[in-house]
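The chain contents come next:
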Amino acid sequence: MPREESCNPLSVALAKPGNEPVSQTPEDLSLPSHDAGVLFRAEMASQNFVLGYWKLIVGVVVAGLACVLVYGQYTSWDKGRQQAYAADVAKIEIRVTEILPMLEFDPSQVIPEDLGKVATAAAELSTLGSVATGAASAEAHMKAAEMFRLLDNPERQLAEYDAAIPNASGDVVFAARSARAALLVDVGSMEASVQAWQELASSTSGYLSAYTMLQLARTQNLAGDTAGATTSYDALMAQHADSPLALTASEERAALGRTPAAVPAPAPAPEEPAPTEQEEAQP
């Protein structure tokens, strides 16, 4: 007797042509062939690059690590060297620590032997500054300049400022440049002083800018450039109207014999209210 065919509708539907069973294997859940080809080619290209240039990649990584190590070692070495130079500066300075205050306030009481010690210390600091680098160099030259100032040697003092500026940073730069600009007046270089103050005024801001502009105006006035001094005073009052130096500039500008520029006046105090009848009746 022939075997009966299954009457299951699902079996009949799957048995029809074009209705093949849907597979649930991972192979059938893969990306389309064109997407798989792009991804496969990208993966193979990256693998080929790594395999072909792995030595170069390793070399670059090793070189980078070596640079970091060398930089760290150099930083540590330079820090130690700066500390050593600072210690050398202190050793030189301590030999004349007791002489410098007397030389500042009562030079007539300083004996020639002590003057020689200060001159020797100043020369040693200058030499140390030319050997040292960075902040230590600037410190040595600035201290040498101060000693030459006390020794009344403006030429050597000016040379120390010139040597300190390239290695200075932060506030030391302004201190050296402003001291140099003021000293140029003492050595008779008015034009150079005016130029130095102009350069310094253009590179500062806030109170330091107002201060340098005031010094610029004063130097221009000393040089006989009244018009330039007036312009500098006006610029100071316009750019730094809220600075206390603006009032100083206005007064000095008025002393030049010209009408001073307007300076913002302080706000007037509020008027007291008039007394009431009851307050007037009280004894």
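This report concerns the structure included in the present document.

Below, the discussion takes up the nonpolar core. Membership of the largest hydrophobic core comes to 20 residues, with the highest contact counts inside it found for V96, L100, V118, L125 and M147. Contributing elements (two or more residues each) for this core: α2 (33-94), α3 (99-105), α4 (112-131) and α5 (134-150). When residues of this core are assigned to their parent elements, the largest contribution, six residues, is made by α5. Contacts of M147, omitting those with residues within four sequence positions, involve E93, V96, L100, V118, A121, A122 and L125.

Considering all chains together, one arrives at two aromatic pairs under this definition. For the pair W197 and Y211, a centre-to-centre distance of 6.4 Å together with 75 degrees between the ring planes defines the contact as edge-to-face. Pair noted here: W197 is in helix α8 (residues 190-202) and Y211 is in helix α9 (residues 206-222), with a separation of 14 residues, a long-range link. You can call W197 buried: its relative accessible area is 2%. Given a relative accessible area of 30%, Y211 falls into the partly exposed group. Counting every residue linked through ring pairs, the aromatic cluster contains F174, W197 and Y211.

Rules used throughout
- Residues numbered from 1 in each chain as written.
- Predicted model: local features only at pLDDT ≥ 70, side-chain atom pairs only at ≥ 80, totals over all residues.
- Heavy atoms only, no water.
- Core = buried A, V, L, I, M, F, W, Y, C linked by side-chain atoms within 4.5 Å.
- Buried < 20%, exposed > 50% of the residue type's maximum accessible area, 1.4 Å probe, protein only.
- Helix = DSSP H or I, 4+ residues; strand = E, 2+ residues; numbered from the N terminus.
- Contact = heavy atoms within 4.5 Å.
- Phe/Tyr/Trp six-rings, centres within 6.5 Å; stacked < 30°, edge-to-face > 60°.

Such coordinate-based values are descriptive only and should not be taken to indicate function.
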